[in-house]
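# Summary of structural features
Chain by chain, the residues:
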Amino acid sequence: MRLFLFLIICQCAINSVKTHSASSPNVILLMADDLGIGDLGCYGNRTLRTPSIDRLAEEGVTLTQHIAASPLCTPSRAAFLTGRYPIRSGMAAFSRVGVFLFSASSGGLPSEEITFSKLLKQRGYATALIGKWHLGMNCESSNDFCHHPLSHGFDYFYGLTVTNFRDCKPGQGSVFLKGVQKSLVIPIEIAGITLVSLAIAQYIGFLKIIQQPLSYENLTQRLTKEAVQFIGRNTNAPFLLVLSYLHVHTALHASKDFRGKSKHGLYGDAVEEMDWSVGQVLDVLEKYNLSDKTLVYFTSDQGAHVEEISSSGEVHGGYNGIYKGGKSMNWEGGIRVPGLLRWPGVIQAGVYIDEPTSNMDIFPTVVKLAKAQLPSDRIIDGHDLIPLLQGKVTRSKHEFLFHYCNAYLNAVRWHPGNSGSVWKVFFFTPNFSPEDSNGCYDSHVCFCHGGFITQHDPPLLFDLSRDPEEKVPLTPETESRFYEILEVVHLAVNNHMRSLHAVPDQLSWDNLLWKPWLQLCCSSLLQSCYCDYDSEESLLEVHSG
């Protein structure tokens, strides 16, 4: 009898472990910043060394048509967290500036939005965001933290609320000066506030500011250490970890262990250091026997920033492979990003899937895995990826994907259910400068309206299944279904537009501007907001409880 009871107890324990693995897996979401799809070995690069990221491809699924919901940081990250086009949350700009520049701006991801971190936290997950946020901080006072990660479902935050710029690293030139030097639209006062506040606007935490301004010294090691420690603290219960790298957004940085070691200068050094960090995360999963219980996802928020050239002339932007354009553009180079998913024993290994998928798909995928309920009071634009990753279906649920340039509908992708074609229709395209280049080098990024674009009537039409480089637009003479395809796309656009509702513009000029009363300062303005406790502790540490 005792033996029988012992066997029952053992079987229950085994079932408990299997249930944790299958129904409440750990989730690790790794997001690079401005990484080109052509920068990784698993996507064809032969000179940059990325063995750890490539290992995810070997042991999991490689998505070859994985699309960022926006070609810019702030709206792309908003879509990633909510599973919704950023236009739905007010996180798509009608002005020229499409991202937050200051921690002391009043715009941000609205509290009404539901993030996957909120839903997983409700299901008992420990939740952490380590690294870059870039979705706002405060609304009306310097301590309301209405947009902060801890207000969006994360128990623990260690990182930066905005991003890094070349302006913040001596000798790297100025993004701001280049972006506004030809502009008569942006008032001089705005540029002045920008330049004055850069030194203090970037590196602010919440509750405990550990370092201001940020030091790039061993930054990736510090972020990695925090990620590894978070995993170590949560080996016996499900956890969500979003590790959001600063690599490879400029200003580029690499620690002494990686500096000068790659074949592609400082950019290559940064990529290879990030790959090392991914390896550390995978190793700690093995150490605690968590690999089979953990879904790991790797991506970039958008494509490589092709216009990034240092003040000394060194290329500081990445490689988008065969794809045209890059960051800030809806050419494939700006939105086709790495999409790697690994979950041993649950999803396929060593498989390539060439179906349209989106970074918005992560929301319903992880919410369903955690057995949480998808919100029923709003449209979720993403789709659960698990059936596709397991090979139970072969077609993506995305018949249409809508590509926005800020708040302006720029292009539409149509993957008909009865065809292998992937049609892409452009209503306007950016004007490259110089004209024969692959980007907008004169202004550092491409813009979305006015004299910066060319409208197309009829729209440009490409079949990405035959022309992934978007080299030759189709015409009525070269495509017999030209007008039929445009008619279907216009109908889809009309249906999509009817699904949109007016929401506050989080990226209006009023919400973008630096507001001194929202500025957190770890010492005082008289002391230039300087502090550095990192020699004794860590970077910018935030945790609750």
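Before reading on, note that the structure itself is shown above.
Let me begin by describing the structure that accompanies this report. Here the structure is a predicted model, which means the values were calculated and not measured.

Cut-off values and rules
- Residues numbered from 1 in each chain as written.
- Predicted model: local features only at pLDDT ≥ 70, side-chain atom pairs only at ≥ 80, totals over all residues.
- Heavy atoms only, no water.
- Buried < 20%, exposed > 50% of the residue type's maximum accessible area, 1.4 Å probe, protein only.
- Helix = DSSP H or I, 4+ residues; strand = E, 2+ residues; numbered from the N terminus.
- Pairing = 2+ DSSP bridges.
- Contact = heavy atoms within 4.5 Å.
- Disulfide = S-S within 2.5 Å.
- 1 Å grid on protein atoms, 1.4 Å probe; cavity = no way out; pocket = protein on both sides within 12 Å on 5 of 7 lines; lining within 4 Å.
- Points joined across faces, edges and corners; volume = space filled by probe spheres on them.
- Nonpolar A, V, L, I, M, F, W, Y, C, P; charged D, E, K, R; others polar.
- Expected span 1.5 Å × (residues − 1).
- Arc of directions from axis to C-beta.
- Axes fitted to C-alpha atoms, helices over the stretch in contact; angles between N-to-C directions.

Counted residue by residue, strand β11 (residues 400-405) has five buried out of six residues, so it is predominantly covered. As paired strands, β11 and strand β12 (residues 408-414) are joined by six bridges and run antiparallel to one another. Along β12, the bridge assignment pairs His-403 with Ala-411. If you look at the hairpin formed by β11 and β12, you'll find two residues sitting between the two strands, and Asn-406 has a positive phi there, around 55 degrees.

Bringing the environment of Cys-146 into the picture now. Relative to the elements of secondary structure, Cys-146 occurs in the loop between β3 (126-132) and β4 (156-160). Judged by its relative accessible area of 18%, Cys-146 is buried. In this structure, Cys-146 is in contact with Met-137, Asn-138, Cys-139, Ser-151 and His-152, ignoring residues within four places of it in sequence.

This part covers the pairing of strand β2 (residues 61-67). With seven of its seven residues buried, β2 lies for the most part within the structure. Of the strand pairs in this sheet, β2 and strand β8 (residues 336-342) are connected by five bridges, and their pairing is antiparallel. Of the residues in β8, the one forming a bridge with Leu-63 is Gly-339. In the sheet, β2 pairs with strand β10 (residues 357-358) via two bridges, with the strands oriented parallel. When the sheet's bridge partners are listed, Ile-67 is paired in β10 with Ser-358.

Right, let's get into the state of the cysteines. On inspection of all chains with the given rule, the structure shows three disulfides. At a sulfur-sulfur separation of 1.8 Å, the disulfide partner of Cys-139 is Cys-146. Disulfide Cys-139-Cys-146: the torsion about the S-S bond is 100 degrees, which places it as right-handed. One disulfide bridge connects Cys-440 with Cys-446, the sulfur atoms lying 1.9 Å from each other. Looking along the S-S bond of the Cys-440-Cys-446 disulfide, the torsion reads about 95 degrees, which is the right-handed sense. Side by side, Cys-440 and Cys-446 carry an identical accessibility label, which is buried.

Quantified by volume, the largest pocket comes out at close to 420 Å³. As for the largest pocket, its lining consists of 23 residues, of which Ile-87, Arg-88, Ser-89, His-501 and Val-503 are closest to the centre. Looking at side-chain class alone, the lining of the largest pocket contains twelve nonpolar, five polar and six charged residues.

The terminal C-alpha atoms of helix α12 (residues 482-498), which comprises 17 residues, lie 25 Å apart, in line with the 24 Å expected from a rise of 1.5 Å per residue. Along α12, the positions that sit buried rather than exposed are Phe-482, Ile-485, Leu-486, Val-489, Ala-492, Val-493 and His-496. The arc enclosing the buried residues of α12, seen along the axis, measures out at 125 degrees, which places them on a common side. Exposed positions of α12 whose direction lies more than 90 degrees from the buried face are Tyr-483, Glu-487, Leu-491 and Arg-498.

The next thing to look at is helix α10 (residues 362-369). The element α10 is extensively covered by neighbouring structure, given that seven of its eight residues are classed as buried. Those residues of α10 that sit buried are Ile-362, Phe-363, Pro-364, Thr-365, Val-366, Val-367 and Leu-369. Looking one or two places after α10, you find Lys-371, whose phi comes out positive at around 60 degrees.

Before going further, it helps to spend a moment on the sheet that holds strand β13 (residues 423-430). Pairing between the strands of a sheet is mediated by backbone hydrogen bonds and can be parallel or antiparallel. Taken in spatial order, the four strands line up as β11-β12-β13-β14 in an open sheet, and their pairing is antiparallel. Taken across any chain shown, the strands that pair with only one partner, and hence form the sheet edges, are β11 and β14 (453-463). Sheet twist, expressed as the average angle between the axes of neighbouring strands with direction ignored, equals 25 degrees.

In short, the description is geometric, and any link to function would need to be established separately.
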